[in-house]
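Fold and contact review
Read off the chains here:
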Amino acid sequence: AVVIRYSTVADSPMSPFHATINMRLSLFSRALGRAYLAYCGEEQLQAIVTRCSASDDPECVLARDPVALDQLIRHVRAAGYAIRDRGVEPRNSNTIAMPILVGGEVRASIGITYFTSAIRSRAALQQCIDGLRATAAGISGEIERLQHSEADLAAAPAP
């Protein structure tokens, strides 16, 4: 599962949820999990699949279907983002999520959830995707910048 660590849900008077911090979401059916899973290294992916394939959780069914899982991963990587499985609740909204990559490795995912009745055109959806892509890239870049700063400080001679 992925665990939500930051959310603006509490700031929205229209959210279907009142709080999402520490909410656990499936790696296989939820957008945040799918965005993370699709960019895992092969070893990490296999460990996750092995662990989850024994689960009877209906949201883990893809862990037992290697062909469908491979198709999902290919689709997410080609698109650059993941969406929630249409069969899970709440069905009046959807989520778009993207990975936060640092040094080519997935470290987290970021997403935006919207009411499907509010985003009806492809152009409006594309605006959300473009904004989320810019945000994910900005976060990735800032993490890399901070890591380099820490490395520079550690390598600097003591005063």
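Before reading further, recall that the structure is shown in the block above.
Described in the following lines is the structure provided in the data block. This one's a predicted model, so the numbers in the text were calculated from it and none came from an experiment.

**A word on the side chain of R34**
With respect to the helices, strands and loops of the structure, R34 is situated in helix α1 (residues 31–38). According to the relative accessible area criterion, R34 is buried, its value standing at 10%. When residues no more than four places from it in sequence are discounted, the contact partners of R34 are L27, F28, S29, L62, L72, V76, A82, I83, R84 and D85.

**Side note on the packing of aromatic side chains**
Under the defined criterion, the tally for this structure stands at zero aromatic pairs. The ring of Y39 is capped by R77, whose NZ or CZ atom sits 6.0 Å from the centre of that ring.

**Some thoughts on the side chain of S29**
You can see S29 is positioned in the loop between β2 (24–25) and α1. Only 2.4 Å separates the side chain of S29 from the side chain of E59, close enough to count as a polar contact. Among all residues touching S29, those that are not within four sequence positions of it are R34, E59, R84, D85 and V88.

**Description of the pairing of strand β4 (residues 93–102)**
Most of β4 sits inside the fold, with nine of its ten residues counted as buried. Of the strand pairs in this sheet, strand β3 (residues 82–83) and β4 are connected by two bridges, and their pairing is antiparallel. Paired with A82 across the strands is A97, a residue of β4. Pairing geometry for β4 and strand β5 (residues 105–115), over ten bridges, is antiparallel. Each residue of the ladder has a partner; that of P99, found in β5, is S109. Once β4 ends, the chain turns through two residues before running back antiparallel as β5, passing G103 with a positive phi of about 60°.

About the cut-offs
Residue positions are given per chain, counted from 1 along the sequence in the order it is written. Since the coordinates come from a predicted model, pLDDT governs what is reported: local features require at least 70, and pairs of side-chain atoms require 80 or more to be given and counted, while whole-chain, interface and lining totals use all residues. Note that water and hydrogens are dropped before the side-chain values are worked out from all heavy atoms of the structure. Strands are runs of DSSP state E lasting at least 2 residues, helices are runs of H or I lasting at least 4, and numbering of each runs from the N terminus. For every residue, the accessible area obtained with a 1.4 Å probe (protein chains only) is divided by the maximum for its type, and the residue is called buried under 20%, exposed over 50%, and partly exposed between those limits. Note on contacts: a residue pair is in contact if any heavy atoms of the two residues lie within 4.5 Å. Classification of ring pairs uses Phe, Tyr and Trp, with its six-membered ring standing for Trp, and accepts pairs whose centres are within 6.5 Å; under 30 degrees between planes counts as stacked, over 60 as edge-to-face, and the remaining range as tilted. Counted as over-ring charges are cases with an Arg CZ or a Lys NZ within 6 Å of the ring centre that also lie within 35 degrees of the ring normal. Two N or O atoms count as a polar contact when they lie within 3.5 Å, although within protein this holds only if one can serve as hydrogen donor and the other as acceptor, and sequence-adjacent residues are included solely when both atoms are side-chain atoms. DSSP bridges decide pairing: two strands pair if at least two such bridges lie between them.

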